[in-house]
Amino acid sequence: MAQHPRGKSMRAGPLRLACLWCALIIPMVSGVDTAAIGIPPSTNWDGNDGLWSSFAVQIGTPPQTMRVLPSTSGSSVWVVVAEGCSPATDPQDCPERRGGLFASNASSTLVQKGIYELPLHVGEILGYSGNGQFAYDQITLGGNGAGGPALNNTIFAGIATKDFLIGTMGLTPWGVNFTDFNNPVPSLLTSLKNAGHVISNSWGYSAGAFYSPKQTFGSLTFGGYDASRFVPNNLTFTRGPDISRDLLIGIQTITSGTDSLLPKGVVAMIDSTVAQIWLPNEACRRFEEVFGLVWDETVELYLVNDTLHQKLVDQDPSITFTIGSTTTSSDIINIILPYGAFDLTADWPLTTNGTARYFPLRRAANASQVVLGRTFLQEAYLIVDYDRNNFSVSRAVFPDTNVPQRLVTILPPSEKGSSHGRLAKGAIIGIGVGTTAIIVALIATILYLMRRRWLPSAAKIQVTTNALEETKPELDAKQNPRIPAGTLLNSTPVEAEGIQRFPRQMYDPSIIRPEVQGDSRRPAELADGTRVVGYELSG
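Rules used throughout
Residues numbered from 1 in each chain as written. Predicted model: local features only at pLDDT ≥ 70, side-chain atom pairs only at ≥ 80, totals over all residues. Heavy atoms only, no water. UniProt positions renumbered as here; feature names shortened; annotations may be inferred. Phe/Tyr/Trp six-rings, centres within 6.5 Å; stacked < 30°, edge-to-face > 60°. Helix = DSSP H or I, 4+ residues; strand = E, 2+ residues; numbered from the N terminus. Buried < 20%, exposed > 50% of the residue type's maximum accessible area, 1.4 Å probe, protein only. Lys NZ or Arg CZ within 6 Å of the ring centre and 35° of its normal. Arc of directions from axis to C-beta. Contact = heavy atoms within 4.5 Å. Polar contact = N/O pair within 3.5 Å; in protein donor to acceptor, adjacent residues only side chain to side chain. Pairing = 2+ DSSP bridges.

Per an unreviewed UniProt entry, the recorded name for the protein chain is Peptidase A1 domain-containing protein, and the organism is Endocarpon pusillum. UniProt, in its Sequence similarities (unreviewed entry) section for the protein chain, records the words "Belongs to the peptidase A1 family."

A. A look at the packing of aromatic side chains. Applying the stated rule across the entire model yields 18 aromatic pairs. With centroids separated by 5.4 Å and ring planes inclined at 85°, the aromatic side chains of F102 and F156 adopt a geometry described as edge-to-face. Here F102, found in the loop between α2 (94–97) and β6 (111–117), pairs with F156, found in strand β8 (residues 150–159); they are 54 residues apart in sequence, far enough to count as distant. Both residues of the pair, F102 and F156, belong to the buried class. One residue, R374, lies across the ring of W52, its end atom 4.8 Å from the ring centre.

B. Molecular detail of helix α6 (residues 306–315). For α6, every residue scored as buried is listed here: L308, H309 and L312. The buried residues of α6 all sit within an arc of 100° when viewed along its axis, so they share a single face. Facing away from the buried side of α6 by more than 90 degrees, the exposed set consists of D306, T307 and D314. Looking at the buried positions of α6, the neighbouring elements they touch are α5 (281–291) and β25 (356–359). The N-cap residue of α6 is N305: its side-chain oxygen and the backbone nitrogen of T307 are 3.2 Å apart. The positive-phi residue at the C-terminal boundary of α6 is D316, with phi of around 45°.

C. Broad picture of the pairing of strand β11 (residues 202–206). For β11, a buried count of five out of five residues is recorded, marking the element as mostly surrounded by other parts of the structure. Neither face of β11 is open: one carries S202, G204 and S206, the other W203 and Y205, and all of them are buried. Here β11 runs beside strand β28 (residues 380–385); their pairing, made up of four bridges, is antiparallel. If you follow W203 over to β28, its bridge partner there is V384. Of the strand pairs in this sheet, β11 and strand β12 (residues 219–222) are connected by four bridges, and their pairing is antiparallel. Residue pairing for β12: G204 is matched across the bridge by T221.

This is the structure:
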């Protein structure tokens, strides 16, 4: 008997169908842990207050690449412009020291917004200041060829102030206000979400550690976290109601061996915008007594001379921060910093006579100045979930360079997932059942198609009907679909009183609060034409 002319295609049919099923189903199943975006570090160590792992951003058309540091209190990208380096007074390598300079006149897609005072918030409390030339342009996160997410018409600021030697990458979802508080410009995180690059208002960050044996670079993930970079724990913190000071923790004790370095517990703000650890004067005096530190009034730093440095290297002390949700809570974790984390170098323009070793401890004049900066985040991994109004702090680990990332997506509250993207038990079971149903359906379909050619026509119709009825998989359509652009999840923004001159809106999607008194003043026109810009939750 001659072979059926369609026999070859019939035999290949099951294979084609199997490939189609795999192409459709595998992304649905694996998508639970692949929607988070890991931003690769620049592989440079930058800064004049220590060596910090920076990240590259590309801005403009054609793209110009600059290096920046993540800011856990900022909301937009700041890069240094040409005015940030003066050939007459600054070092010859000033552009490289500052992470590269952005030339606004070289971008064909740039749209100027104007000069405004930078919304520094915690920086303002600590004495930092500066203006920014705000504009819209194309922004890509990551260096050339890194394949990072690209955003169109996104707000950023060009800075010249030397209070921040290199630029920053703001991580919060708070919108930037220029004229009033009704039309905030979307933040970087909100822009990523609106463009469909991430599905939740969340991120994970650790600063990296130059002193570690492998000189481990920093880790930054939008829309989730990198599970390979920390030791998990069960402690969750609730964000504070004032979005200018929302990442608050209780420092219960600070110890080094048997020495107590903190007279009493204090509440501290975590903010990577600054490098040092700011503690009350009483605590600073304890550090001075235990480690022999001497405060230099000229540079306002604890400078470390060669003799003291060698003594501390030989002693190799470690300092343990015991933290909890409050200064007295029973659930605690310990973040241990070796001396290497404090063995930093200050350089121009902090110092005028070359480099100098220093101990990154600063004196806080009041409770609002108690801050844990990048020094702390060398040994800590921070995950913030704005949709659920919480965050976590975990002990950072430094994997080998050949260890792959383990990116985990933090699902929005509308999805079947728990905080920080750890799926609830029911969701895990659902994935297992759904996957089993898919496999069964795939096998049944292949067997059915292989049998079709040997069965009479009437039997084919009956088998087809039965097979579809008996093997139809029940897929959970909420297993991590992408959220439509511009969607806000269960959010009811209300105004709250913020830092003076920078009132912003409180963001708590899970609790609807009555409106409370905010700062009703409009942005002031400064004498030099600079205007004030504030932050607000953006949609």
